[in-house]
Amino acid sequence: MRDFIAGLPKAELHLHIEGTLEPELKFELAARNGLELPYASVEQMRAAYTFDSLPSFLEIYYEGMRVLRTEPDFYDLAMAYLTKAAEQNVRYAEIFFDPQAHTSRGVPFDVVIRGLRRALLDADTRLGVRAQLIMCFLRDFQAEYAMATLLESLPYKEWIAGVGLDSDEKGNPPRKFAVVYERARQEGYLLTMHCDIDQDDTVEHIRQAIEEIGVDRIDHGVNVIADLRLVEAVLERGLGLTCCPISNGHVSDGMKAEDIRKLMDLGVRVTVNSDDPAYFSGYVQENLEALQGALRLTRDELADLERNAFEIAWLPRHLKDAYL
Ligand code: ADE
Ligand code: ZN
């Protein structure tokens, strides 16, 4: 099965570029930028990656990205991921980035996006991996800061496929960003947002995302299975879910494989993705292997998962068809 999965052409739709920052590159960038790290070695750093909740993960995630300072840093980060993606036969990736995690510590927006964009162009020509960017707002910051970030992104609109919402969900419902999302839609951005696994009120957040915001997709969203009326809405609107099995195990009590199975059986367009692979130890290949192992997925079912991913990708029809 491993070889079958390796051979499948894949689309990755839920991947935080800052979550691909491997310890080795973190040390390299720290040295380049003259920064001290609180770990003596790569091994020691990896050993400190212990989290059992979304907030405990986020603390280490934000701490780690302080080494990203310059345009070449963001280029190297994205190029490292896209090289790994090409090795795993990922043909297309939609990549989240968190501009506020950088602008809030003094790194200009244009430094971030120019570095990422240059890597995407090089990966297309050199590696044969197509990729697009999705700009995420940090939901634990004020909506006004998200709006300012949205406005700052407008000169780069052609480089950004859509907007997302991530970070700590507790007390930060989709509704908080309704005005920002309305403006993003008017500007032509497609819309997605995280409704993370087993967070407080996450089912209500899924409801708001669908009914009040009118998202085009939901990131995670597996808790929708708790409300069959909402599952109906997901089916009716053809919304895809970008699930991340290994990540689920790090922020909740397990991979949620059985819930994912139920959603697949109900006909929901489920996809398998890697979220923050440098921290959760698993890129898309390992996530597919983990889910296959838990559910005994057949080759046809694995192929269906990748078909779903290309189907819900934010690409024009003729480009999807070229992958399918
Ligand atoms: N930011 C990066 N990874 C995230 C995740 N898994 N959930 C919420 N915010 C994130
Ligand atoms: Zn995520």
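The text that follows walks through the structure, step by step, so that each part is easy to find. The shown structure was predicted, so the numbers you read here are calculated from the model rather than taken from an experiment. (Residues numbered from 1 in each chain as written. Chains lettered and ligands numbered in written order. Predicted model: local features only at pLDDT ≥ 70, side-chain atom pairs only at ≥ 80, totals over all residues. Heavy atoms only, no water.)

For helix 15 (residues 284–295), with twelve residues, the first-to-last C-alpha span of 16 Å sits near the 16 Å given by 1.5 Å per residue. Looking one or two places after helix 15, you find Arg296, whose phi comes out positive at around 55°. (Helix = DSSP H or I, 4+ residues; strand = E, 2+ residues; numbered from the N terminus. Expected span 1.5 Å × (residues − 1).)

Turning to unusual backbone geometry, a few remarks are in order. Phi is positive for Lys256, which is not a glycine, with a value near 65°. With respect to the helices, strands and loops of the structure, Lys256 is situated in the loop between helix 12 (245–251) and helix 13 (257–265). Residue classification places Lys256 among the buried residues on the basis of a relative accessible area of 17%. We note that Ser281 has phi near 55°; this positive angle belongs to a residue other than glycine. Among the secondary structure elements, Ser281 is positioned in the loop between helix 14 (277–280) and helix 15. (Buried < 20%, exposed > 50% of the residue type's maximum accessible area, 1.4 Å probe, protein only.)

Strand order in the open sheet formed by five strands is 1-2-3-4-5, and the pairing between neighbours is parallel. In the strand order of this sheet, the two ends are held by strand 1 (10–12) and strand 5 (190–191), each with one partner. As paired strands, strand 1 and strand 2 (residues 90–97) are joined by three bridges and run parallel to one another. In the strand pairing of strand 2, Ala11 is matched with Tyr92. (Pairing = 2+ DSSP bridges.)

Our next topic: the pattern of salt bridges. Tallying each qualifying case throughout the model produces 30 salt bridges. As a salt-bridge pair, Lys256 and Asp253 come within 3.0 Å of each other at their nearest N and O atoms. Since its relative accessible area comes to 69%, Asp253 is described here as exposed. Between Arg261 and Glu301 there is a salt bridge, and its shortest N-O distance comes to 2.7 Å. Here Arg261, found in helix 13, pairs with Glu301, found in helix 16 (residues 299–312); they are 40 residues apart in sequence, far enough to count as distant. (Salt bridge = Lys/Arg side-chain N within 4 Å of Asp/Glu carboxyl O.)

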